[in-house]
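Chain by chain, the residues run as shown.
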Amino acid sequence: MVRWHKKAVAAGAAFVLAAALAACSSSGGKQEEQGSSGGGGNVANTPRMKVALITHSGPGDTFWDIVRRGAQAAADKDNIELQYSSDPDGAAQANLVQTAIDAKVDGIALTLNKPDAVIPNLKKAVAAGIPVTVLNGGLDTWKGTGAIGYFGQDEKIAGQATGDKLKELGAKKVLCVIHEQGNVSLEARCQGIKDKFGNVENVNVNGTDQPGTEATLTAKLQQDKTADYVVALNAGIALTAVKAAKTAGSAAKVGSFDMSKEMAKAVQDGSVQFAVDQQPYLQGYLAVDAIWLNKTNGDTIGGGEATLTGPAFIDKTNIEAVAKYAAAGTR
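To start, this report covers the structure provided alongside it. Every chain's residues receive numbers from 1 upward, in the order its sequence appears when written. Local features in this predicted model are restricted to residues of pLDDT 70 or higher, and side-chain atom pairs are both shown and tallied only at a pLDDT of 80 or more, whereas totals for entire chains, interfaces and linings draw on every residue. Based on all heavy atoms of the structure, the side-chain values leave hydrogens and waters out of the count.

1. Some words on the overall build of the protein
The number of helices and strands found in the protein is 10 helices and 13 strands. When a residue's accessible area, from a 1.4 Å probe over protein chains only, is under 20% of the maximum for its type it is buried; when over 50% it is exposed; and in between it is partly exposed. Counting the 331 residues in the protein, one finds 54% classified as buried. With residues, only the protein chains shown are counted as cover, and all accessible areas are computed by Shrake-Rupley using a 1.4 Å probe. When the accessible area of the protein is evaluated, it comes to approximately 13,700 Å², of which 50% is carbon and sulfur surface. Secondary structure is summarised from DSSP: a helix means a run of H or I of at least four residues, a strand means a run of E of at least two, and numbering begins at the N terminus for each.

Structure representation (structure tokens):
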């Protein structure tokens, strides 16, 4: 069984996957063609809605493919046309929110990893009568914005749990790799690790530049022989860190946040020691479904508090329980 952190909310259900995602603008990772996960289901007979999902995803970040699958599954169930867009630049993401407002969408689900830039337009959406949910990033800032709910993990708690995990594993010095400058969620993860573990050095890289990231980590591991653990903050960076350690001739081990099909294989073969799973599929699903519930029944989820979807540690002891879902692109 997956071991949940004590502050995480246990939430799980069997969801029907869409046969394919709706065509929409995106700078995220390439969508994989995927059939239904099995099972039938009726589409809601409520009026057709349009919901915008707006994230801070950068090019090639496949984490957001999983978020989108969850969001699309909810949209398919709820008779919603899902419109996806993303930009890692805070000002550009805020402009996407304004575009959704101007289009008079029925709801907006967005990330607040660059809160100072995005919150003003979030409040504009609320003022226009558009229900807004926040997912993945913005736990410390979503309250007071008028958003009706938050779905994600507490990044600082996730980092602290990772710090405790590293102590259990006997690590001595950790390199925490931040792949997107100014992302408050990533900074909170590294800070949480430092709070519990202590000997942590942050390494900043450009997560959209895989060769540059590998070169930076290789050079760092060659220079610092005391670093015996690299913690990446997404699955793609973790796999790059594995290559960098090998190239550097370093014995440093790799841990990671987030899951993917490739990450599941890496945990299985031992090249990555653990992954911290925040269930991105569930984040996307709940963020869209909460809008539908609010529009059709006046419901809110969480009682004014965040609905936590993680963290959970996945390692060799429990990888088999989730590997098939990772292979299907939903974990």
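Once the structure has been displayed, the description carries forward.
2. Considerations on the nonpolar core
Core analysis: the biggest nonpolar cluster contains 30 residues, and L221, V230, M259, M263 and I319 have the highest contact counts within it. Mapped onto this core, the elements with two or more residues apiece are β7 (174-178), α6 (210-223), β9 (229-232), α7 (235-248), α8 (261-269) and α10 (323-327). Looking at this core element by element, the count peaks at 7 residues for α7. Ignoring any residue separated from it by four or fewer positions in sequence, one finds M259 in contact with I66, A235, A264, A275, D277, I314, I319, V322, A326 and R331. M49, V51, L82 and A290 belong to the second largest nonpolar core, which has 27 residues in total. Buried Ala, Val, Leu, Ile, Met, Phe, Trp, Tyr and Cys residues form a nonpolar core when they are joined through side-chain atoms within 4.5 Å. Between two residues, a contact is recorded if the distance between any of their heavy atoms is within 4.5 Å.

3. Focus on helix α1 (residues 63-78)
A rise of 1.5 Å per residue sets the reference length of α1, with its 16 residues, at 22 Å; its end C-alpha atoms lie 23 Å apart and thus fit the reference within 8%. Where burial is concerned, most of α1 is hidden: 14 out of the 16 residues are buried. Looking one or two residues beyond α1, the residue adopting positive phi is N79, at roughly 60 degrees. Given the number of residues in a helix, its expected span is that number minus one, multiplied by 1.5 Å.

4. As for the state of the cysteines
Any two cysteine sulfur atoms lying within 2.5 Å of each other are counted as a disulfide. For the coordinates displayed, the defined rule picks out 1 disulfide. The side chain of C176 participates in a disulfide bridge whose partner is C190; the two sulfur atoms lie 2.0 Å from each other. Its torsion about the S-S bond being -85 degrees, the disulfide of C176 and C190 is classed as left-handed. On the criterion of sequence distance, the pair formed by C176 in strand β7 and C190 in helix α5 (residues 184-197) is long-range, its members being 14 residues apart. Residue classification places C190 among the buried positions, given a relative accessible area of 1%.

Function cannot be read off these values alone, since they describe shape.
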